[in-house]
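# Summary of structural features
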Amino acid sequence: MAAVPEVRSEVEELIRRLVDQPEKVKVAEFPSGDEILLEVEVAPEDLGKVIGRQGRTVRALRTLLETRNAREAIPYGLEIIED
């Protein structure tokens, strides 16, 4: 199962707009069981902006992916990688 290419680039673009160092944003995709896992790396200083207060921002990003799942029947997961 391969991800629709624009999903990874759309998530990357959304995250770039949230952070202070957009050039350090990296989104990689990996098959993981029955879903496509998108792993997000950002500068350590921007980690809080991507996660948000009490995880609200990352939950919102995951909700956007869930709506995409329903439309395309390809399940996506999202993980934030901490260094």
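Attention here is on the structure that accompanies the text. Keep in mind that this is a model prediction, so the values were computed, not measured.

## Details of the side chain of Asn-69
Within the fold, Asn-69 resides in helix α3 (residues 56-72). Those residues within four positions of Asn-69 in sequence are excluded, and the remaining contacts are Ile-74, Pro-75 and Tyr-76.

## Focus on the sheet that holds strand β3 (residues 76-81)
Read across the open sheet, the three strands follow the order β1-β2-β3; overall the sheet is mixed. The outermost strands of the open sheet, each flanked by one partner alone, are β1 (26-32) and β3. Each strand axis lies, on average, 25° off the axis of its neighbour in the sheet, ignoring direction. When strand β2 (residues 35-41) meets β3, the two strands line up parallel, connected through six bridges. From the neighbouring strand, Leu-38 faces β3, where its bridge partner is Leu-78. Packed onto the sheet, α3 meets β2 and β3 and runs at close to 155° relative to β3.

## Quick look at the nonpolar core
Residues Ile-15, Leu-38, Val-40, Val-42, Leu-65, Tyr-76 and Leu-78 are the most contacted members of the largest nonpolar core, which totals 19 residues. Secondary structure elements with two or more residues in this core: α1 (5-18), β2, α2 (47-51), α3 and β3.

## Thoughts on the pattern of salt bridges
Applying the stated criterion across every chain, the model contains seven salt bridges. Between Arg-17 and Glu-13 there is a salt bridge, with the nearest N and O atoms lying 3.0 Å from each other. Here Arg-17 and its partner Glu-13 are both found in helix α1, four residues apart, which amounts to about one turn of the helix. Where Arg-68 meets Glu-72, a salt bridge forms, and the shortest distance between an N and an O atom there is 2.6 Å. Note that Arg-68 and Glu-72 are positioned in helix α3 at a spacing of four residues, about one turn of the helix. Salt bridges sharing common partners tie together Glu-6, Glu-10, Arg-68 and Glu-72.

## Observations regarding unusual backbone geometry
For Gln-54, which is not glycine, the phi torsion reads 55° and is therefore positive. Locating Gln-54 in the fold gives a position in the loop between α2 and α3. You can call Gln-54 exposed: its relative accessible area is 65%. Within the chain, Ala-73 stands out as a residue other than glycine whose phi angle is a positive 60°. With respect to the helices and strands, Ala-73 occurs in the loop between α3 and β3.

Here is what the cut-offs are and how they apply
- Residues numbered from 1 in each chain as written.
- Predicted model: local features only at pLDDT ≥ 70, side-chain atom pairs only at ≥ 80, totals over all residues.
- Heavy atoms only, no water.
- Helix = DSSP H or I, 4+ residues; strand = E, 2+ residues; numbered from the N terminus.
- Contact = heavy atoms within 4.5 Å.
- Pairing = 2+ DSSP bridges.
- Axes fitted to C-alpha atoms, helices over the stretch in contact; angles between N-to-C directions.
- Core = buried A, V, L, I, M, F, W, Y, C linked by side-chain atoms within 4.5 Å.
- Buried < 20%, exposed > 50% of the residue type's maximum accessible area, 1.4 Å probe, protein only.
- Salt bridge = Lys/Arg side-chain N within 4 Å of Asp/Glu carboxyl O.

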